[in-house]
Every structure is written in C-alpha cells, then in structure tokens.
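# A structural walkthrough
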Amino acid sequence: DHLAIIDIDERKLEGNVMDLNHGVVWSPQRTRVTKGTYADCADADMVVICAGAAQKPGETRLDLVDKNVKIMNSIVADVIANDFDGIFLVASNPVDILTYAVWKASGFDHKRVIGSGTILDSARFRYMLGELEGVAPKSVHAYIIGEHGDSELPVLSSSTVRGVSMRKKLEKDPELHGRLEKVFEETRDAAYTIIDAKGSTSFGIGMGLARITRAVLQNQNVVLPVSAYLQGEYGEDDIYIGTPALVNRGGIHRVVELELDDHEAEQMKASAAQLREIKDRFYGPNADQEATK
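Residues numbered from 1 in each chain as written. Predicted model: local features only at pLDDT ≥ 70, side-chain atom pairs only at ≥ 80, totals over all residues. Heavy atoms only, no water.

Residue placement: threonine 243 occurs in strand S12 (residues 237-248). A residue is classified by how much of its surface remains accessible, and threonine 243, at 0% relative accessible area, is buried. Leaving out residues up to four positions away in the same chain, threonine 243 has contacts with Thr118, Ile145, Leu224, Pro225, Val226, Ala228, Leu230, Tyr234, Val255 and Val256. (Helix = DSSP H or I, 4+ residues; strand = E, 2+ residues; numbered from the N terminus. Buried < 20%, exposed > 50% of the residue type's maximum accessible area, 1.4 Å probe, protein only. Contact = heavy atoms within 4.5 Å.)

So this is what it looks like as structure tokens:
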C-alpha cells in the first residue's frame, strides 16, 4: 500500500511521484506514492533496484559491469544500513551478474534475491508466438531461459500453443523451424529496436516487475521466468541465470529445471559459461578485489 521511490534525479522523481499519484484513483487499491529515502527500507517488504549506468559508445560490456557492480554495492550498503529485512528484486543490467552482485553485497539467503531474468524475454516470445498462431499470448506457454542477453535460448521442446506441443507441430511441419527462428530473433533483439526508437524499454519490464512483486506480496506460489541462483540445476552452480522458478512470499522457493533436448542443453551450457566468465572476473578466486569494493 506504499510505494516509495528513491532517485538521484530529484526533479524527475517529483514528476514521477505526481504522475503516479494521479493514477491512484483508477488503481485496484489505494496505494500511497511518495518521494523516498533509504530510511523507508526499514519496514519495506521489497526493494526493487532499477538504477544503473547505460553503456556508452566505446565501452565494453566489462566496463559497464564494473561500473554497475559498484553502483549495486553502494545501493545495497545504504539499504542494509537501514535495517531492510525483505526481498531484493533486481532489474538493472546485465541483470544476471548484478543480481549476483546484490546477493553477495547483501549477505542475504539467495532465495531472497531475485533478478528480473527472462521475464520480459518470455513475455515477448509468448506475444510473438501468439501473433504467429493467431491466439492470445495467455494461450501460449513458452519460456526463454539463460542469460538475459544475446546468449539466451527458447525452450521449444516444452512449449505449447493452445495446449498443442510445439515439438509435435515441428515434427509435422518442418518449415515451421524457420518461422520460429525468426520469431526468436525478433524476441532476442526487441530491446535494441525499442531503445533505438524511444531511448529505453519501460512498459514491458515495468509490467514484468509488477508481476514478480505481486507473486511475492500475495504469496502466489506461481512459476515465473526470473534470474535465480543455481545449485546444480542444468549442471550449473554459483551463478544467477534466467530459469522458471516458484515464487512466493519467501522469494524464490525453488528453481524449476526444465527438461531440455540436447541442442537446448548445449545452448544453456554456453549461456551459463558466458555469465560465469564475467562473474569470475569480479567474484572468482583470482578476481581483483578492488573491483568489488
């Protein structure tokens, strides 16, 4: 019933608070929206982190990670200093690495640190598959898993449209492979198109974060594709990566490991390897400790 927003851009913050309060009359509940401070974290149920530096021309991905890990460490230190005892939800990019950074900085149980992961990628994929098949996205059940980025993968082997297995449809119509590959490429690259058109993505990821938040606050025990900590699932451990997980009031109750075919398993392994390589630069045994201070 209370949304407190913290932002270093005071002017923009004032505008967002005013704009959101004007929409409360149409909201399902009487939510109070205020300019927040870190003191508000003391009795907060969730802290959602959306802050982070954008990649500039000439910057490498590692440059961006280095910058944003430091931002995460600073934010988490201020949150924890104000006795926060809830659940972290991370949306900042690269989200899988930064969710790991928040987990490390917080000292929380990994179940209480969630990344937005592939919730938006999966929503895009379901929407585009629905358009292809002429059905509502809610009649499509399909996941994108792996890194929230270029190495992500669609799990077609367990996808269904109108309750019909995509695996069966592919067996009957080999030409469907090409159409589905195009749908996936459009899913994977959608963010680039949107950013080029309007500067950033906002509505889709905002609705995805709201969905995860509801799952936690309402103790829904629902399976959502988020960035979760692996402990042997998919043959991987000690990384955060996009996967379906059961989400409830305690955070991530458990990871749901999908049954992958051989090709999907190879793709998942490659995606995890990319994340691990970057993660180990900051948290591996030979990591430069200065990078994480």
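Once the structure has been displayed, the description carries forward.
The next thing to look at is unusual backbone geometry. For residues other than glycine, phi is negative in most cases, and the peptide bonds are mostly trans. Each neighbour pair has its own omega, and for asparagine 93 with proline 94 the value is 0 degrees, a cis peptide bond. Within the chain, arginine 162 stands out as a residue other than glycine whose phi angle is a positive 60 degrees. Examined against the element boundaries, arginine 162 turns out to sit in the loop between strand S9 (160-161) and strand S10 (164-165). One non-glycine residue, asparagine 221, lies in positive phi territory at about 50 degrees. Of note, asparagine 221 is situated in the loop between helix H8 (203-217) and strand S11 (222-231).

Spatially, S6-S9-S10 is the arrangement adopted by the three strands of the open sheet, whose pairing is antiparallel. The sheet terminates laterally at strand S6 (140-141) and S10, the two strands that pair on one side only. Pairing between S6 and S9: two bridges, direction antiparallel. Residue pairing for S9: valine 140 is matched across the bridge by valine 161. (Pairing = 2+ DSSP bridges.)

Core analysis: the biggest nonpolar cluster contains 57 residues, and Ile49, Phe88, Val102, Ile114, Ile145 and Val226 have the highest contact counts within it. A total of seven residues in this core trace back to one element, the largest contributor, which is helix H3 (residues 95-106). In this structure valine 226 touches Ile114, Gly115, Ser116, Gly117, Ile212, Ile241, Gly242, Thr243, Ala245 and Ile252, once residues within four positions along its chain are discounted. Within the second largest apolar cluster, 16 residues are counted, among which are Ala142, Leu156, Val183 and Phe184. (Core = buried A, V, L, I, M, F, W, Y, C linked by side-chain atoms within 4.5 Å.)

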